[in-house]
Protein chains: 2
Amino acid sequence: MRQPTMLAAVLWSLAAALLAEAKVHHHTWDIAYHRKSLDCFEKLAVTVNGEAPGPTIRATQGDTVVVTVRNKLETENTGIHWHGIRQRGSPWADGTVGVTQCPILPGETFTYRFVVDRPGTYLYHAHYGMQRVAGLDGMLVVSVPDGVIEPFAYDEEHTVLLMDWWHKSVYEQAVGLASDPLEFVGEPQSLLINGRGMFVNSSIPPADCALPPALFTAVPGRTYRLRVGSLTSLSSLNFEIEGHSMTVVEADGHYVRPVVVRSLFIYSGETYSVLVTADQDPSRNYWAASHVVGRKRETPSAMSVLSYAGNDPRAPPPTPRPAGPAWDDAAPRVEQSRSVAVAHPDHALPVPPRPDRTLLLLNANTRIDGHVRWAINGVSLRFPATPYLVSMNRGLRAAYDQRPPADAYDHRSYDVGSAAAAAAAGGTVASAAYRLALGSVVDVVLQNAVALNNRSETHPWHLHGHDFWVLGYGEGRFEPGRDEAGFNLRDPVMKNTVALHPMGWTAVRFVADNPGVWLFHCHIEAHVYMGMGVVFEEGVHKVGRLPSSIMGCGRSRGLN
Amino acid sequence: MRQPTMLAAVLWSLAAALLAEAKVHHHTWDIAYHRKSLDCFEKLAVTVNGEAPGPTIRATQGDTVVVTVRNKLETENTGIHWHGIRQRGSPWADGTVGVTQCPILPGETFTYRFVVDRPGTYLYHAHYGMQRVAGLDGMLVVSVPDGVIEPFAYDEEHTVLLMDWWHKSVYEQAVGLASDPLEFVGEPQSLLINGRGMFVNSSIPPADCALPPALFTAVPGRTYRLRVGSLTSLSSLNFEIEGHSMTVVEADGHYVRPVVVRSLFIYSGETYSVLVTADQDPSRNYWAASHVVGRKRETPSAMSVLSYAGNDPRAPPPTPRPAGPAWDDAAPRVEQSRSVAVAHPDHALPVPPRPDRTLLLLNANTRIDGHVRWAINGVSLRFPATPYLVSMNRGLRAAYDQRPPADAYDHRSYDVGSAAAAAAAGGTVASAAYRLALGSVVDVVLQNAVALNNRSETHPWHLHGHDFWVLGYGEGRFEPGRDEAGFNLRDPVMKNTVALHPMGWTAVRFVADNPGVWLFHCHIEAHVYMGMGVVFEEGVHKVGRLPSSIMGCGRSRGLN
C-alpha cells in the first residue's frame with residue numbers, strides 16, 4: 001500500500017468531514033398506470049406511487065439521491081431522467097434510454113444513485129419514447145447547505161410545475177407522428193399547474209373541478225420564492241400572477257442578475273426561481289395563470305388561485321381571468337430570454353475565451369424516407385437499441401452509426417426562410433454521435449429555419465450532463481465570423497435548457513469535461529420522437545466501470 | 001477426427017435425404033401499432049406488417065419455420081407464442097415471456113426457429129401481459145406431405161379465425177383488473193370473423209362496413225375444409241353456417257372420429273377442422289355466424305356470408321340472421337366436448353395405462369392482498385422477471401419461488417359450489433412451478449367451482465409444449481378413486497386446449513417428455529393476468545445450450 005502524503009491525509013479528512021454532512025435520500029417508486037383526472041377528464045397516466053405528477057424530491061447540495069424504480073407497467077419499459085443534474089461521475093444514472101441505459105423492463109427494479117452537486121431547481125421525467133407525455137414527471141429541489149447565503153431573501157418557497165395534457169394516449173400520438181401524411185399531436189386539451197387543470201369542455205365538471213385549484217396562501221407583506229418548472233410536451237408558456245410582479249433570481253440552477261417581469265415566459269425543460277411579494281390588496285384572491293404562447297392558442301389557459309391569508313383559498317378572484325400576452329408576438333419573449341441570460345454579478349462563472357470547436361446546427365424540418373422528420377445538419381436521430389454509453393465504452397461499433405453528423409450545415413447556400421429549402425434538405429435517419437475531445441470548449445450555434453409548413457417555431461434545447469453559457473440570441477441567419485462579435489463573454493448565465501426562437505439563432509458554450517455520452521435535444525416530445533437531437537460523446541473510456549444494470553438490451557445483451 | 005461407422009454413414013444419408021425434402025419458411029415481421037377499423041370503429045391495434053390479425057403461416061409437416069420479429073412498438077415489449085407447436089428440441093422458441101424467454105425490446109429483433117413436426121391447424125399470438133387483446137394473432141397451418149392421405153377428403157380449404165374485440169386499450173383493461181374493487185374487462189364490443197366485425201353502434205358505418213364480409217365462395221357440390229381457430233380473449237363461441245351441417249374431423253392437430261354437428265362450440269385456444277359440403281340451394285347466400293355462449297350475450301353475433309358461386313359474394317342472405325343457441329345452456333356444449341374427444345380409429349395414439357403422478361387443480365376465484373385473483377391450489381401465478389427456462393436451467397434459485405404449489409387441493413373439505421368457500425380460500429401470489437420427472441406420465445384433473453360472484457364459468461386450459469389425451473369431463477366435484485373409472489383410456493383424442501365446463505371437471509393425461517419449462521393456463525387473457533396458470537418443468541437440464549437471445553432480463557442480465 002502506498003503511504004499517503006500529509007497533504008493527501010489532510011484532504012481526506014476534509015472530504016470525510018464533508019461527507020459526514022451529506023445525507024442520502026432514499027426513495028422507492030412504483031411506476032404504474034392509474035386512472036387520473038388531472039383536468040376533470042379521466043384517462044390513464046403513468047404514475048409514481050399512484051401520483052401524476054410525481055412527488056417533489058428535496059435534498060441539500062452535496063447529498064446523494066437514491067431512487068429505486070420498480071416498473072409495474074406490465075408490458076411497457078421505462079427510464080427516468082434527472083433533468084439538470086449533471087451526473088458527474090455517474091453518467092449511467094442520467095436515465096436516458098438508448099443513450100445512458102437500457103430500458104427498465106416490467107417487473108424489474110433499477111436504482112438511480114447520484115449526487116446533487118449544485119443547489120437549484122431541477123426536474124425529473126420519463127426519458128423513453130414519448131412516455132413523458134403520459135405524466136411521469138416532477139420536480140427536484142436542491143437547497144443550499146445551512147449557513148450558505150443565497151443572493152436574495154424570501155420567507156417561504158413553493159414549487160410550481162407547469163405541464164400540458166392530452167386526452168389521447170402516447171401510442172395514438174406516436175402512430176400519428178409516424179404516419180404519412182404526418183398527423184401531428186395537435187394542441188393539448190389542457191394546461192396544468194401543479195398537476196391540476198380544468199378541461200373546459202367537460203359537460204358537467206365534478207364538484208372538485210368546479211373551482212380552480214389553489215396555488216398557495218400568501219401572508220401580506222411576505223416574499224415567496226416560486227420554483228417554477230415547465231415540463232410541457234409541446235407548449236411554450238407564459239406564467240403570471242395577476243397584479244404581482246416577479247423577480248427572476250435563478251435559472252436552471254444558476255443565479256441570474258435579478259430581473260423584474262410582469263409575467264414569466266418559460267419553455268419546456270426550463271426552471272426559474274421568481275420572487276413574489278404579497279403586496280396587493282389582501283382582501284381578495286388573485287389569478288395565477290399559465291398561457292400558451294408561440295403556437296396558436298387553442299388550449300384554454302390554466303388558472304389557479306393565489307389566496308391571501310384569511311380569504312377562502314379557492315374563492316375565485318373578482319377580476320376576469322387574465323388573457324395572457326398575444327400568442328404570436330415573439331419580440332417580448334426574445335427580449336426576456338436576453339434579459340434573464342445574465343449571471344448574478346457575484347455568481348458569474350468565467351467563460352473560456354474561445355471555443356476549440358464550433359457546431360453550427362441547422363434545425364431542419366424535412367421529409368426522409370416518406371416521413372416528416374426533424375434533421376440536424378442532415379441527420380435525424382434514431383435512438384439505437386444499445387445505449388451509446390455501453391456501445392462506445394465497450395467498442396461495440398456495429399451498435400451505432402460511425403459517421404458523425406457534419407459540424408456545420410452549408411450556411412452559405414441554405415435559405416433558412418424557405419419552406420422549399422426545408423423540403424429539399426432531406427437527410428438520413430441515423431444513430432450517430434459527435435465525438436468531443438475531453439476537456440475541450442465547444443460552441444453550439446442552433447439555427448432555426450422555416451419548417452415544411454412555412455412556419456418557424458420555438459425549440460427549447462436541453463443538454464444532458466452539462467450546463468452551458470448562454471452567449472447570445474440573434475435573428476435570422478447566424479453568420480460565422482461576424483455574429484460571434486455579439487456574444488456575451490463577460491457575464492452570461494449558465495443553463496441546461498435554452499430557447500431557439502422562431503427564425504433566430506441561439507449560441508451556447510460548454511466545456512466537454514464530463515466523461516460519458518450525453519443527449520442534446522429539443523425538449524418537445526414530438527420533435528425528439530421525429531429525430532430532433534444530437535448525441536455528444538466525451539471521454540467515454542474514462543468513465544468508471546459501467547454498472548451491469550444499464551445493460552441487457554441490443555448488443556449489450558450478455559455483457560457485464 | 002473419429003471415423004464414422006457404416007451405420008452412422010447410412011443414417012446420415014437418410015437424414016440428409018429427409019432434410020432435403022423439408023423446407024425452411026422465412027418470414028420477417030414488423031410488430032407495430034397501427035390504426036385499424038376491424039369492426040368499423042377505429043382504434044390502435046398491434047399489427048404484423050401492418051395487419052391485424054396477422055398473415056396465415058403455411059408449411060408442410062417437417063418443415064422449419066423461421067420468423068424474424070422486429071419490435072417497432074416504441075416503448076412496449078413483445079413475444080409471440082406458436083400455439084400448438086410443441087417445440088420439441090426448441091423450448092426457447094415457445095414465445096412465452098417470463099417462461100421461455102425475456103421480452104423482445106423495442107428496436108430489437110428476435111428470431112423464432114422451430115420445426116412443425118405434426119400436420120394440423122395451429123395458431124400464433126402475443127404471449128406477454130394481455131397484449132394479445134390488442135390484436136397480434138393469426139393462424140399457422142401445417143399440411144401433410146405430398147403423398148400422405150388424410151382420413152377424409154375435401155376439395156378446398158379455408159381458414160376461419162374467430163376473435164372478440166374491445167374498444168378500450170389493453171392498458172385500460174389491465175388497470176381495471178388490478179383495481180380494488182375489481183373492474184372486469186366487460187363484454188367485447190364485437191366478435192370478429194377473419195378480422196372483420198361490425199360494431200352495430202357505429203353511428204354511420206363506412207361504406208365498407210355496411211355489408212357483412214364474405215367468408216368464401218362455394219361451388220355447389222364441393223366439400224370444403226374449414227380450419228377454424230378461436231383466439232378470443234374472453235368469449236366462448238358457437239360458430240355456424242346457416243343450413244349447412246359440419247363434420248368435425250380434426251381438433252388441435254389430431255384427427256377425430258368424424259362427428260356431424262349443426263354448429264361448432266369452440267373455446268379460446270382451440271382449433272378444429274370441419275368439412276362443409278355446398279349442398280344447399282345455390283341461388284342464394286347463407287349466413288356464417290359466430291355467437292357468444294357461456295356468458296350473458298351482450299355482444300352482437302358476428303356475421304359473414306357464405307356465398308354460392310354466381311351470386312354477389314356479399315349479398316345478404318334472404319333469411320334473418322341466425323340467433324345462435326341459448327347462451328346459458330351448457331349441456332349441449334359439454335355433450336359436444338365429449339363427442340369430439342374421441343380419436344379417429346386409424347389415428348388413435350395409445351394412452352399410457354396409468355399416471356405416475358396426478359395433479360388435482362382447483363380453479364379458485366378468491367381475494368389475495370386486496371385484489372381479486374385466480375389461484376390454482378392456493379397459488380396465483382405471477383410471471384417472474386427472469387424466464388423460468390433460464391433460471392431453472394442455470395440454477396438461479398432466487399429468480400422464482402422454490403416452493404411448488406400442492407399437487408391437490410383439499411377436495412374432501414372444499415365446497416366447490418360455495419362462493420363463501422371461494423372467498424375463504426385465499427392464497428398467495430407466487431412465481432412457483434411444478435417439477436415433473438422427465439418421461440413421467442402426468443394426469444391433471446381441473447376442478448371448476450363457483451367464483452366470488454357465485455357463478456361458474458368455462459375456462460379453456462391450454463398446455464404448452466405437449467398434447468394431452470382428453471380422458472373425460474364430469475359434473476360437480478371430481479372424486480379421486482371413483483371418477484377415474486369413467487376415463488376414456490381406449491381412444492381419447494389428443495389436444496392442447498380443453499374446456500373446463502361450469503361446475504365440472506376435466507381430466508387430461510400427458511407424458512412429460514419434452515425437456516423445458518411449459519405454461520399451462522386458462523386461455524382467457526384476463527384470467528391468466530389474474531394468475532390462472534401453472535408452470536411445469538421437466539428435464540430442464542437436458543435442454544441444449546440456451547440461446548443468449550432469450551436472456552437479458554431480470555437475473556438473466558449479463559448471462560450468455
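Just so we're clear, the structure is a prediction, and the values are computed from it rather than from any experiment. Positions within a chain are numbered from 1, following the residues in the order the chain's sequence is written. Chain letters and ligand numbers both follow the written order, the letters beginning at A and the numbers at 1. Restriction of local features to residues with pLDDT of at least 70 applies here, the model being predicted, together with a cutoff of 80 or more for giving and counting side-chain atom pairs; totals for whole chains, interfaces and linings are based on all residues. The side-chain numbers reported here are obtained from all heavy atoms of the structure, hydrogens and water having been left aside.

Brief notes about the domain arrangement of chain A
Residues and elements named next belong to chain A.
For step 1, the next point in the chain: Where each domain starts and ends comes from a domain assignment, either automatic or drawn from a database. Here chain A is partitioned into domain 1 (8-143), domain 2 (156-339) and domain 3 (357-548).
For step 2, the next point in the chain: Each side of the interface is counted separately: domain 2 has 28 residues, and domain 3 has 25 residues.
For step 3, the next point in the chain: Defined in terms of a 1.4 Å probe, buried area is the accessible area two parts forfeit on being brought together, summed over both. When domain 2 packs against domain 3, the two sides together hide about 2200 Å² of surface, and 57% of this comes from carbon and sulfur.
For step 4, the next point in the chain: Counting the surface domain 2 buries against domain 3, the share from its top three residues, Leu177, Asp252 and His254, is 21%.
For step 5, the next point in the chain: Here, a salt bridge means any side-chain nitrogen of Lys or Arg that lies within 4 Å of a carboxyl oxygen of Asp or Glu. Viewed at the interface, domain 3 and domain 2 are joined by 4 salt bridges.
For step 6, the next point in the chain: When the shortest N-O distance is used, the salt bridge between Asp180 and Arg367 registers 3.2 Å.
For step 7, the next point in the chain: Put simply, DSSP marks the helices as runs of H or I at least four residues long and the strands as runs of E at least two long, and each gets a number from the N terminus on. Contributing elements (two or more residues each) for the side of domain 2 that touches domain 3: α2 (170-177), β15 (254-261) and α3 (331-339).
For step 8, the next point in the chain: The leading source of residues in the side of domain 2 that touches domain 3 is α3, at 4 residues.
For step 9, the next point in the chain: We call Asp, Glu, Lys and Arg charged. Ala, Val, Leu, Ile, Met, Phe, Trp, Tyr, Cys and Pro are nonpolar, and the rest, Gly among them, are polar. Class assignment for the residues of the side of domain 2 that touches domain 3 results in 14 nonpolar, 8 polar and 6 charged. Here, two residues are considered to be in contact whenever any of their heavy atoms come within 4.5 Å of each other.

Digging into the packing of aromatic side chains
For step 1, the next point in the chain: Working definition: a ring pair exists when centres of Phe, Tyr or Trp rings (six-membered ring for Trp) sit within 6.5 Å. Plane angles under 30 degrees give stacked, over 60 give edge-to-face, the rest tilted. Under the definition given, this model contains 41 aromatic pairs over all chains.
For step 2, the next point in the chain: Ring centres of Tyr171 of chain A and Tyr33 of chain B lie 5.0 Å apart, and the angle between their planes is 55°; on these two criteria the pair is classed as tilted. Of this pair, Tyr171 of chain A sits in helix α2 while Tyr33 of chain B sits in strand β1 (residues 24-36), on two different chains.
For step 3, the next point in the chain: The exposure class assigned to Tyr171 of chain A is buried, which follows from its relative accessible area of 9%.
For step 4, the next point in the chain: Take Tyr33 of chain B: its relative accessible area is 12%, and that puts it in the buried class. Using a 1.4 Å probe on the protein chains alone, a residue whose accessible area is under 20% of its type maximum counts as buried, one over 50% counts as exposed, and one in between counts as partly exposed.

Some details on the UniProt feature "domain: Plastocyanin-like" (unreviewed entry) in chain A
All names here are of chain A.
For step 1, the next point in the chain: In the numbering adopted here, UniProt assigns the feature "domain: Plastocyanin-like" (unreviewed entry) to residues 33-144, 156-311 and 429-539.
For step 2, the next point in the chain: The span residues 33-144 is 0% helix and 42% strand, and its two end C-alpha atoms sit 35 Å from each other.
For step 3, the next point in the chain: As annotated, residues 429-539 has a helix share of 5% and a strand share of 47%, and its two end C-alpha atoms lie 25 Å apart. UniProt positions are given in the numbering used here, feature names are shortened, and annotations may be inferred rather than shown by experiment.

Description of the sheet that holds β15 of chain A
All names here are of chain A.
For step 1, the next point in the chain: Should DSSP find at least two bridges between two strands, the strands are regarded as paired. Pairing within the open sheet is mixed, and its 6 strands lie in the order β10-β9-β12-β17-β14-β15. The open sheet has two free edges, formed respectively by β10 (190-193) and β15, since each of these has just one partner strand. Shown here is a sheet whose adjacent strand axes are inclined to one another by a mean of 25°, direction ignored.
For step 2, the next point in the chain: Sheet topology places strand β12 (residues 223-230) next to strand β17 (residues 271-277); 7 bridges connect them, and they run antiparallel. What sits directly across from Arg227, in β17, is Ser273. Lines are fitted to the C-alpha atoms to define the axes, a helix being fitted only along its stretch in contact, and any angle between axes, read from their N-to-C directions, falls within 0 to 180 degrees.

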